[in-house]
Amino acid sequence: MIRPATPADADMIALHRYPDEPDVAERPLYAAWVEEAIGRGIYVGFLLESAGAVIAGAGLTLLEWGPTRADPQPDRARLVNVWTHPAWRRQGNARALVQACMDAAQERGVTRLSLGTTDPGRPLYEGLGFRASPTEMTVNLVAPSPGSRRDCKACTDVPFMPEPLP
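Let us look at the structure shown here. (Residues numbered from 1 in each chain as written. Predicted model: local features only at pLDDT ≥ 70, side-chain atom pairs only at ≥ 80, totals over all residues. Heavy atoms only, no water.)

### Things to note about helix H3 (residues 93-107)
At step 1: For H3, built from 15 residues, the straight-helix expectation of 21 Å at 1.5 Å per residue is met to within 8% by its first-to-last C-alpha distance of 21 Å.
At step 2: By the burial criterion, the buried members of H3 are Asn93, Ala94, Leu97, Val98, Ala100, Cys101, Met102, Ala104 and Ala105.
At step 3: Those residues of H3 that are buried are in contact with strand S1 (2-4), strand S2 (43-50), strand S3 (53-64), strand S4 (75-84), strand S5 (113-115) and helix H4 (122-127).
At step 4: Phi turns positive one or two residues past the end of H3, at glycine 109, with a value near 85 degrees. (Helix = DSSP H or I, 4+ residues; strand = E, 2+ residues; numbered from the N terminus. Expected span 1.5 Å × (residues − 1). Buried < 20%, exposed > 50% of the residue type's maximum accessible area, 1.4 Å probe, protein only. Contact = heavy atoms within 4.5 Å.)

What follows is the structure, encoded as structure tokens:
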């Protein structure tokens with residue numbers, strides 16, 4: 001049975017997102033975010049249960065994007081936290097959950113969804129209509145260190161000055 005995720009599910013969702021031991025420290029921060037995001041309506045998640053145990057899950061982060069030339073709809077969504085217990089894989093569970101997320105997006109008027117995937121997950125998403133984008137690029141920005149010139153809290157009376165390039 002597929003059911004909507006609630007704020008009480010935040011710890012479990014965080015465990016699915018960060019299942020490995022090196023990531024244990026990330027779980028509480030993510031769980032707190034999920035709990036709050038569900039409450040604000042910007043995270044919509046679904047869990048699949050069998051005999052009272054969660055066997056799979058998927059979520060949708062709703063984003064206020066702004067209209068573009070190609071799409072006047074200002075909202076977007078990102079599919080996240082798609083997870084299935086190994087014993088329940090290859091049985092259509094992830095597909096059903098992703099479809100529930102896609103339906104939830106459509107119900108909210110969202111017309112564009114994105115996701116990150118692994119090679120094993122690619123056929124699932126392609127089968128649901130997702131296509132790789134030749135134009136998507138990403139960068140990971142490092143947060144300013146406390147006391148640096150980019151840390152606005154540390155320099156409220158000093159005009160912004162970029163850090164010198166190395």
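### Some words on the pairing of S4
Where a strand is regular, its side chains alternate between the two sheet faces.
At step 1: Of all ten residues making up S4, seven are buried, and the element is well covered by its neighbours.
At step 2: As judged from the eight bridges shared by S3 and S4, these two strands associate in the antiparallel manner. Its bridge partner lying in S4, threonine 61 is registered against arginine 78.
At step 3: When S4 meets S5, the two strands line up parallel, connected through three bridges. In the sheet register, leucine 79 faces S5, and the bridge partner there is leucine 115.
At step 4: Assessed by its sense of winding, the connection that carries the chain from S4 through H3 to S5 is right-handed. (Pairing = 2+ DSSP bridges. Right-handed = clockwise from strand over helix to strand, strands pointing away.)

### Quick look at the packing of helix H1 (residues 10-17) against helix H2 (residues 27-40)
At step 1: Running from amino to carboxyl end, H1 crosses H2 at an angle of 130 degrees, the nearest separation of the two axes being 8 Å. The angle between H1 and H2 falls in the class oblique. Remark: the crossing between H1 and H2 carries right-handed chirality. Listed contacts from H2 to Ala10, Asp11, Ile13, Ala14, Leu15 and Arg17 of H1 are Arg27, Tyr30, Ala31, Val34 and Glu35.
At step 2: For the contact of H1 with H2, a count of residues per class yields seven nonpolar, no polar and four charged. (Axes fitted to C-alpha atoms, helices over the stretch in contact; angles between N-to-C directions. Parallel < 35°, antiparallel > 145°, perpendicular 65-115°, else oblique. Left-handed = near helix turned anticlockwise from the far one by under 90°. Nonpolar A, V, L, I, M, F, W, Y, C, P; charged D, E, K, R; others polar.)

### Observations regarding H1
At step 1: Turning to H1, its buried residues number three or more, namely Ala10, Ile13, Ala14 and His16. End-on view of H1: buried residues confined to an arc of 160 degrees, all on one side of the axis. (Arc of directions from axis to C-beta.)

### Section: the environment of leucine 63
At step 1: Examined against the element boundaries, leucine 63 turns out to sit in strand S3.
At step 2: Under the relative-accessibility criterion, leucine 63 is labelled partly exposed at 30%.
At step 3: Separated by 20 residues in sequence, leucine 63 and tyrosine 43 place their C-alpha atoms 9.3 Å apart.

### Topic: the sheet that holds S5
At step 1: The strand order S1-S2-S3-S4-S5 describes an open sheet built from five strands, whose pairing is mixed. With partners counted over all chains shown, the strands left at the sheet margins are S1 and S5, one partner each. Each adjacent strand pair in this sheet contributes to an overall mean axis angle of 25 degrees, direction not counted.
At step 2: Here three bridges tie S1 to S2, and the two strands are oriented antiparallel to one another. Within S2, the position partnered with arginine 3 by the bridge is leucine 47.
At step 3: Along the sheet, H3 makes contact with S1, S2, S3, S4 and S5, crossing S3 at roughly 30 degrees.

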